[in-house]
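Close look at the chain arrangement
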Amino acid sequence: MAMAMRKRSGSGSKRQHKGKLVPIYESFFKGEDLTLAHPNFWNELFLIKPMVPHIESEILHMTAEQLNASRENLNALVCHCVDTLVDEHPFRVVYALQTLAAVIQSMYKKASQGDCGFNLIDILVGFDSAEQRMTTLMQHCNNFLTGEYPDSLKALCLKLLLIIVTGMDNVSQNTLLEYVMLNSVFESLVQLLRDTTARSRHGHDAVLLLTLLVNYRKHERANPYIVKLSILDDELALNGYGQVISSSLMDFCRQFVQQRAEIQASWLSSLTSIVGSMFVGEEEAKTQQVRANNALLLALYEATHLNRNFVTTLAYTQSDTSAPPSPNNTLGPNAVAPGTQLSDVMAQPFNLLATFLQYCSIVMQVIRTEAIMNNVKLCFLILSCIAEDQYANSLMHDANLAFRVQLHRVPMHHRKIQDKAAPAQPLAATLLDLLVEFVTSHMMKKFPLELYHQCIGVLQRLLCYQKRCRVRLGYQWRDLWTALINLLKFLTTHESHLIKKMNIFPLAIQVVNILNLFITYGDTFLSSPSSYDELFYEIIRMRLIFTNLNAMALRYSTSESYEYKEHALKLTNCLVNMRDIVNHFPPKIAAWLASESLSTPTEQQILAIIIQNYDSLTLKLQDNLDQYERYSEKPNHVAFFEEMVMPN
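Residues numbered from 1 in each chain as written. Predicted model: local features only at pLDDT ≥ 70, side-chain atom pairs only at ≥ 80, totals over all residues. Heavy atoms only, no water.

The next thing to look at is the packing of aromatic side chains. Taken as a whole and judged by the stated rule, the model has 30 aromatic pairs. For the pair phenylalanine 41 and tryptophan 42, a centre-to-centre distance of 4.9 Å together with 75° between the ring planes defines the contact as edge-to-face. Across this residue pair, the class does not change: phenylalanine 41 and tryptophan 42 are buried. Between tyrosine 562 and tyrosine 564 the ring centres are 5.9 Å apart and the planes differ by 75°, which places this aromatic pair in the edge-to-face class. On the basis of relative accessible area, tyrosine 562 is assigned to the buried category, the value being 13%. The class for tyrosine 564 is partly exposed, based on a relative accessible area of 27%. Through pairs of rings, three or more aromatic residues link up here, namely Tyr25, Phe28, Phe29, Phe41 and Trp42. Positioned above the aromatic ring of phenylalanine 641, the side-chain terminus of lysine 218 is 5.6 Å from the ring centre. (Phe/Tyr/Trp six-rings, centres within 6.5 Å; stacked < 30°, edge-to-face > 60°. Buried < 20%, exposed > 50% of the residue type's maximum accessible area, 1.4 Å probe, protein only. Lys NZ or Arg CZ within 6 Å of the ring centre and 35° of its normal.)

Here it is as structure tokens:
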């Protein structure tokens, strides 16, 4: 089975070489020592491009006995692959990397079959030489990623690392990653993100690799990638990291806008309802579209959760250069980018946070599958981290940093969606619009309770910042109050159905305390005194909802058999100010109407009566309305992130 490696031309020569590899692989993976008959075997092996499908096929069909018999051959193959990475011939290096990637990936697949019990490290490199071999391999990887090497070699190197990192469903059970922890590639990945050209070609894989490595045994012990990401202060690298994420989310948003336009332009638009449909096609196709973004959303989460410096890249306009982010391209409150049509929002200067908010508005439209629900939960956790950050809040509330962000709203039977230009406004106002839309559009039989908790939690963080820093954000607060009160109405109206499936009282407490925050401190952060008056008007106008909510809470708080009676009792205590308001003002309004012989007062007349009777209203100052439990991944969300890191 001689391996004559003379240079030949033509496809016939390639077929001849390929034909020789098949019997070589068969003999090799049976455990035969091919060097006995061919002393030059290892030097000649990497002169031919490996046949990856055949390597995988041979390994996957091995029995336990064959696997044990070929252990020394596999050790030798991995050893020579690593040693060949210093070869002066580029194609030998490439073929060695391709062979190594194929063998490792195939062995992971073999291990997942569960039909042969074996130790992956021992079968690949042997326990005795594992540390030395893996250290050498990681050194070569770092060298290829940072040195003057072809992009194809860098891409192949990243592919090999991703094969190693994603080899097992549970990344924390992948013991081969111990060597990637000991021999860090963090600095090499950061260098790729710093450079514009390298980032455009390798940025996605670099960010994905970083994200997965950060999640390796993250709560079991010190993970060097977590430490390094948390203290990274290289503005170019952080900006590059953000641009990779922003580019992917922007593509998703563009695709949605384009496909929606195609639907509306077609003759089918009059016949086909697109309610609850993000894309044309089956539900699974939609789910796959959303799930494909999980990896980069995880990357965004890790950066916002771990790195305070990353916040500076969130609210600044980014362009694909190697320069740090700058706010130069932001729009003034009423400005329009020169030559830009108002309807063409995708052409507006954008930043990562603005893009992310638009992405959220798309995926939050309809939550039918667990995959989409997980994606939306991840979005809310990212927003929670952002809304807790003082500097992020200062940027989001800055009136001089205004953006036109087109939030997408799902059509509903009681409202028509009109395509109109998005207003130029601070990102905090856009985030409030997003939260209002979520609250309004998901009151349904299959009620997503956890997502509502997350949504109201983000809202609470924004309001606490405004109250603490006395920020008067120009916003249509009535939209928010109406949405929150209608949510309380939904909980009382569907009480009999919901109460059997979930504990709705903590959510009701959250919502009532948001309203209490406005009642108690609204005069310090609402944009005008008239806004404060409108809050009282809305509570009085919808007083029956609060009366019913109070009755429901009283009923369950006195029920001996109800499991969550203490939560119901807490809700009755939280409603004290609502009870006082709905008991205080209506008699005053009725008396005035009688004195004026009127039956249908105007809103302005009611507001005037409210203003006149503030002084005689006694409200209770409730504790900790401007406090919240800071976000912590552990223990509440550990299982969630373990699931999100697993392959789809």
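And the narrative resumes.
We now examine the layout of surface pockets. In this model, the second largest pocket occupies a volume close to 650 Å³. Along its surface, the second largest pocket is lined by 25 residues, and His453, Gly457, Arg461, Gln510 and Glu629 are the ones closest to its centre. The set of elements that each furnish at least two residues to the lining of the second largest pocket consists of helix 19 (370-388), helix 22 (449-469), helix 25 (505-525) and helix 28 (565-574). By residue class, the composition of the lining of the second largest pocket is 8 nonpolar, 12 polar and 5 charged. (1 Å grid on protein atoms, 1.4 Å probe; cavity = no way out; pocket = protein on both sides within 12 Å on 5 of 7 lines; lining within 4 Å. Points joined across faces, edges and corners; volume = space filled by probe spheres on them. Helix = DSSP H or I, 4+ residues; strand = E, 2+ residues; numbered from the N terminus. Nonpolar A, V, L, I, M, F, W, Y, C, P; charged D, E, K, R; others polar.)

A few words now on the nonpolar core. If you look at the biggest cluster of nonpolar residues, it comprises 215 residues, and the most contacted ones within it are Leu124, Phe356, Tyr359, Phe380, Phe447 and Phe518. The greatest single-element share of this core, amounting to 13 residues, is contributed by helix 25. (Core = buried A, V, L, I, M, F, W, Y, C linked by side-chain atoms within 4.5 Å.)

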